[in-house]
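Remarks on the overall topology
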Amino acid sequence: FETSVDALYISRFDNDALVYAQTKTGFTLGGSFRTQLYWNANVTADAKRYSWANSVETGPGIRFRFNGLPRSLYFSVDALMGRHTVLDGTRPAQYSDFRAGFWYAFTH
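Described below are features of the structure shown in this document. None of these values were measured; they are calculated from a predicted model.

Below, the discussion takes up the overall build of the protein chain. Summing up its helical and strand segments, the protein chain has 0 helices and 6 strands in all. The order of helices and strands in the protein chain, counted from the N terminus, is β-β-β-β-β-β. The globule rule puts the C-alpha radius of gyration for 108 residues at 13 Å, and the 16 Å found for the protein chain is more than 25% above it. The dimensions of the protein chain, computed from C-alpha atoms along their principal axes, are 50 × 30 × 20 Å.

Right, let's talk about the pairing of strand E4 (residues 55–66) for a bit. Sheet topology note: the strand E3 (residues 33–46)/E4 ladder contains 12 bridges and is antiparallel. Across the sheet, Phe-33 pairs through a bridge with Phe-66, a residue of E4. Pairing of E4 with strand E5 (residues 73–84) involves 8 bridges; the strand directions are antiparallel. In the strand pairing of E5, Arg-63 is matched with Ser-76.

Moving on, we come to the sheet that holds strand E2 (residues 16–29). One open sheet accounts for 6 strands, arranged E1-E2-E3-E4-E5-E6; its pairing is antiparallel. Whereas interior strands pair on both sides, the edge strands pair on one side only; in this sheet they are strand E1 (2–10) and strand E6 (94–104). Within this sheet the neighbouring strands show an average axis-to-axis angle of 20°, counted without direction.

Turning to the packing of aromatic side chains, a few remarks are in order. Under the defined criterion, the tally for this structure stands at 7 aromatic pairs. Ring geometry for Phe-75 and Phe-102: centres 6.5 Å apart, planes at 50°, overall tilted. Taken as a pair, Phe-75 in strand E5 and Phe-102 in strand E6 lie far apart in primary sequence, 27 residues in all. Ring plane angle 90° and centroid distance 5.0 Å describe the contact between Tyr-104 and Phe-106, whose orientation is recorded as edge-to-face. Here a set of aromatic residues connected by ring pairs shows up, and it is made of Phe-64, Phe-66, Phe-75 and Phe-102. We note Arg-63 situated over the ring of Tyr-74; from NZ or CZ to the ring centre the distance is 4.6 Å.

To continue, consider the pattern of salt bridges. Tallied over the entire structure, the rule returns 4 salt bridges. Taking the shortest distance from any N to any O, the salt bridge between Lys-48 and Asp-14 comes out at 3.8 Å. Of this pair, Lys-48 sits in the loop between E3 and E4 while Asp-14 sits in the loop between E1 and E2; the two residues are 34 residues apart in sequence, bridging distant segments of the chain. Since its relative accessible area comes to 39%, Lys-48 is described here as partly exposed.

Calculation notes
- Residues numbered from 1 in each chain as written.
- Predicted model: local features only at pLDDT ≥ 70, side-chain atom pairs only at ≥ 80, totals over all residues.
- Heavy atoms only, no water.
- Helix = DSSP H or I, 4+ residues; strand = E, 2+ residues; numbered from the N terminus.
- Rg over C-alpha atoms; globule rule 2.2 N^0.38 Å.
- Pairing = 2+ DSSP bridges.
- Axes fitted to C-alpha atoms, helices over the stretch in contact; angles between N-to-C directions.
- Phe/Tyr/Trp six-rings, centres within 6.5 Å; stacked < 30°, edge-to-face > 60°.
- Lys NZ or Arg CZ within 6 Å of the ring centre and 35° of its normal.
- Salt bridge = Lys/Arg side-chain N within 4 Å of Asp/Glu carboxyl O.
- Buried < 20%, exposed > 50% of the residue type's maximum accessible area, 1.4 Å probe, protein only.

In structure tokens form, the structure reads like this:
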């Protein structure tokens, strides 16, 4: 189980403030190829109530790390279905998103 929450201020987008919460719940498989299978539940909201900045998302994901690489380096792939919670007619209410990325933390 993992939850992360970020809050940010964006001056170039009409001095807006966003809050983004990501929750992942799943399990870790053992072996030489460290793999985590999880389910995402994400929420994004902003102070100005723009349609592009207010959504809920859910879907499966996988995070993995190869042995021999630093423990703080991992790769992830998520397949999400989302729904905009503020509608203004400029975009569809529902969307799908595929995200791939990597994470590396500098630690001592």
